[in-house]
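Below, each chain spelled out in residue letters.
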Amino acid sequence: MTSNVGGLDRILRIVVGLGLIALVFVGPQTPWGWLGVIPLASALIGFCPAYRLLGIRT
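Fair warning: this is a prediction, and the values are worked out from it, not measured in the lab.

### Concerning the side chain of Arg 13
Alright, step 1. Position of Arg 13 among the secondary structure elements: in helix H1 (residues 7-25).
Alright, step 2. Only 2.8 Å separates the side chain of Arg 13 from the side chain of Ser 42, close enough to count as a polar contact.
Alright, step 3. If we ignore the near neighbours within four places in the chain, the residues touching Arg 13 are Val 5, Pro 39, Leu 40, Ser 42, Ala 43, Cys 48 and Tyr 51.

### Quick look at the side chain of Asn 4
Alright, step 1. Following the sequence through the fold, Asn 4 ends up in the segment before H1.
Alright, step 2. With relative accessibility at 6%, the residue Asn 4 sits in the buried group.
Alright, step 3. In this structure Asn 4 touches Gly 46, Phe 47, Cys 48, Tyr 51, Arg 52, Ile 56, Arg 57 and Thr 58, once residues within four positions along its chain are discounted.

### Regarding the environment of Thr 2
Alright, step 1. Along the polypeptide, Thr 2 turns up in the segment before H1.
Alright, step 2. A relative accessible area of 56% places Thr 2 in the exposed class.

### Some remarks on the pattern of salt bridges
Alright, step 1. Evaluation of the coordinates by the stated rule reveals 1 salt bridge.
Alright, step 2. For the salt bridge of Asp 9 with Arg 13, the shortest nitrogen-to-oxygen distance reads 3.3 Å. In this pair, Asp 9 and Arg 13 are both assigned in helix H1, 4 residues apart and thus about one turn of the helix distant. Side by side, Asp 9 and Arg 13 carry an identical accessibility label, which is buried.

Reading the values: rules and limits
- Residues numbered from 1 in each chain as written.
- Predicted model: local features only at pLDDT ≥ 70, side-chain atom pairs only at ≥ 80, totals over all residues.
- Heavy atoms only, no water.
- Helix = DSSP H or I, 4+ residues; strand = E, 2+ residues; numbered from the N terminus.
- Polar contact = N/O pair within 3.5 Å; in protein donor to acceptor, adjacent residues only side chain to side chain.
- Contact = heavy atoms within 4.5 Å.
- Buried < 20%, exposed > 50% of the residue type's maximum accessible area, 1.4 Å probe, protein only.
- Salt bridge = Lys/Arg side-chain N within 4 Å of Asp/Glu carboxyl O.

As structure tokens, then:
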């Protein structure tokens, strides 16, 4: 599994992921905020399966 997520993309994924997870604890407090785990995990791992399917590398 090679890295296909670049530096800026990784930072944006971390920010978006943490923002969505924060919605679980603050704000509307819905379980939808746990979807933030997906971009956060792909940023920490450095691999995005959707990018691989689409042939994208950042």
